[in-house]
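As a plain string of letters, each chain reads:
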Amino acid sequence: MLKEMGTEFSRINQAKAIFDDIYVEKDPRSYFSALGDLDYMITDVAEPVVRQILAAKAAVTGAKPVVLDVGCSYGINAAVHRFPLTFGGLRHRYARREMKALSSEELVHLDRNFYSAWPDVGLARFIGLDISAPAVRYATDVGLLDQGIVADLENDALSANDARIVRDADVIMSTGCIGYVTEKTFGKILDATETTPWIISFVLRMFPIDSLAAAFAQRGLVTERLTGVTFIQRRFRDAEEFENTLATLAKLGVDSTGLESEGLFHADLILSRPEADARAVPLENIVTVASGRGRPIAPRYVHVESNDGLQVTLEP
Ligand SMILES: C[S@@+](CC[C@H](N)C(=O)[O-])C[C@H]1O[C@@H](n2cnc3c(N)ncnc32)[C@H](O)[C@@H]1O
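Residues numbered from 1 in each chain as written. Predicted model: local features only at pLDDT ≥ 70, side-chain atom pairs only at ≥ 80, totals over all residues.

## Section: the overall build of the protein
Which entries qualify depends on this criterion: Only DSSP runs of H or I reaching four residues or more are called helices, and only runs of E reaching two or more are called strands; each is numbered from the N terminus. Our radius of gyration looks at C-alpha atoms and nothing else; its globule reference is 2.2 Å times the residue count to the power 0.38. As a rule, residues whose C-beta atom has 12 or fewer other C-beta atoms within 10 Å are exposed, those with 20 or more are buried, and those in between are partly exposed; C-beta atoms are placed from the backbone.
When its secondary structure is counted, the protein shows 15 helices and ten strands. The globule rule puts the C-alpha radius of gyration for 316 residues at 20 Å, and the 19 Å found for the protein is close to it. Overall size of the protein, expressed as C-alpha extent along the three principal axes, is 60 × 45 × 45 Å. Per-residue burial for the protein yields a buried fraction of 38% across its 316 residues.

Following this line, the structure appears as structure tokens:
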């Protein structure tokens, strides 16, 4: 029997800088500023992969999935999936001096209009769970999440009301959150879902996934790691975070050469699914990583739908 990872994850998490204050503001300006300064990018590099997995899930069920974003914060995974937006682009929006001058209430009002002004290109509806009440409130107020749950399932039970919200989830996802949450949180969520969901996890390589995989296996899910590719989360904040992380990885026997040793946190993609689904379509057949896709490039040719059919246009 694997030992519970709660204590172990919080010990490993101590290698990372603490950002608690920016998670609990009434709006995401400090979040984008502090994490943007560290080139936080996991939401952006995860998005094309999430899209491919959601398409594969929809192909199995024939319906638009409901995604539960665990550690959803200000709803950024929903924003970058549902709209043609990126963490990097949003960061610049909030860094403008005109935006900095606004009250949170004014910002929420503008952001609600901002998001509703974009075409929704998402393959799913989003609900979210986070320990931060202000972040969840922002994400629901601006329309990024259909419903939000404020809960700390590491320490508390899932309330009956929240269990009703979770019940409909077809997919559970997380970026930048495992470490804060463990198999305790996921176990309580899985026990409340109606059908067995798929779980998309972007997990920093310093967090062993054995206990998560074991908790998932107990509930009939097999867990696969996409091999041969890692996803950059952000750069290290300072020398201490860098050295602590390298030491943690070394202790686990994980080789950081050419990855974390280059100054960046790397995450693995983990997908957990019912065995029959995993057998039907291997993870490698679902996900194609197009390296360089997110780099700034000059205008390029794309297809757009028009009344006259598919047209070629140059997108700036
Ligand atoms: C680095 S942020 C990641 C947010 C978002 N997923 C993203 O990638 O932009 C970590 C999030 O985990 C949340 N968190 C911390 N402890 C948690 C807990 N016990 N349960 C749920 N969320 C938690 C924080 O409030 C914060 O929003």
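## Quick notes on the site of the ligand
Threshold: By definition, a residue lies near a molecule or strand when the C-beta atom built from its backbone is within 6 Å of it. Classification convention: Asp, Glu, Lys, Arg as charged; Ala, Val, Leu, Ile, Met, Phe, Trp, Tyr, Cys, Pro as nonpolar; all other residues, Gly among them, as polar.
Taken together, 21 residues sit near the ligand, with Gly71, Ser73, Thr175, Gly176 and Tyr180 positioned nearest. For the shell around the ligand, the per-class residue count stands at ten nonpolar, eight polar and three charged.

## Quick word on the pairing of strand S9 (residues 300-306)
Looking along a regular strand, one sees the side chains alternate between the two faces of the sheet. Selection criterion: Strand pairing follows a simple DSSP-based rule, namely that at least 2 bridges must link the two strands.
Counting buried residues in S9 gives zero out of seven residues, a small share hidden from the surface. Linking S9 to strand S10 (residues 309-315), which pair antiparallel, is a turn of two residues.

## Some remarks on the nonpolar core
Note the following rule: The term nonpolar core means buried Ala, Val, Leu, Ile, Met, Phe, Trp, Tyr and Cys residues held together as one set by C-beta atoms within 7 Å. By definition, residues are in contact whenever their C-beta atoms, placed on the basis of the backbone, come within 7 Å of each other.
Counting 78 residues, the largest nonpolar core has Ile42, Leu68, Ala139, Val171, Ile172 and Ile200 as the members making the most contacts within it. For Ala139, the contacting residues outside a window of four places in its chain are Cys72, Tyr74, Gly75, Gly128, Leu144, Leu145 and Gly148.

## Description of the packing of helix H11 (residues 183-192) against helix H12 (residues 210-218)
Worth spelling out the cut-off: Axis lines are fitted to C-alpha atoms, over the contacting stretch for helices. Their N-to-C directions set the angle, which ranges from 0 to 180 degrees. When an angle is under 35 degrees it counts as roughly parallel; over 145 it counts as roughly antiparallel; between 65 and 115 it counts as roughly perpendicular; any other value is oblique. Crossings are assigned a handedness: left-handed for a near helix turned anticlockwise from the far helix by less than a right angle, right-handed for a clockwise turn.
Two elements in contact, H11 and H12, have axes separated by 9 Å at closest approach and are oriented at 15°. The orientation of H11 relative to H12 falls into the category roughly parallel. Between H11 and H12 lies a crossing whose hand is right-handed. Of H12, the residues touching H11 (which contributes Glu183, Phe186 and Gly187) are Ser211, Leu212 and Ala215. A class-by-class count of the residues in the contact of H11 with H12 yields three nonpolar, two polar and one charged.

## Digging into the packing of helix H3 (residues 29-37) against helix H6 (residues 87-95)
Here H3 crosses H6 at 120°, and the two axes come no closer than 9 Å. In terms of their interaxial angle, H3 and H6 are classed as oblique. As H3 runs across H6, the sense of the crossing is left-handed. Residues Arg29, Phe32, Ser33 and Gly36 of H3 form the contact with H6, whose own contacting residues are Leu90, Arg91, Tyr94 and Ala95. Considered class by class, the residues forming the contact of H3 with H6 number four nonpolar, two polar and two charged.

## Remarks on the environment of Ala95
With respect to the secondary-structure elements, Ala95 resides in helix H6. Judged by local crowding, Ala95 falls into the partly exposed class, with 14 C-beta atoms found within 10 Å. Considering only alpha carbons, one finds Ala95 and Gly36, 59 residues apart in sequence, at a separation of 9.8 Å.

## Side note on helix H4 (residues 42-61)
How we decide: Take the number of residues in a helix, subtract one, and multiply by 1.5 Å to get its expected span. One axis fitted to the seven residues ending at a residue, another fitted to the seven starting there: the angle between these axes is the bend at that residue.
With 20 residues, H4 extends 28 Å between its outermost C-alpha atoms, agreeing within 8% with the 28 Å of an ideal straight helix rising 1.5 Å per residue. The sharpest bend along H4 reaches about 30° and sits at Pro48. Among the residues of H4, Ile42, Thr43, Asp44, Val45, Ala46, Glu47, Val49, Val50, Ile53, Leu54 and Lys57 are the ones counted as buried. Looking at the residues trailing H4, positive phi occurs at Gly62, about 75°.

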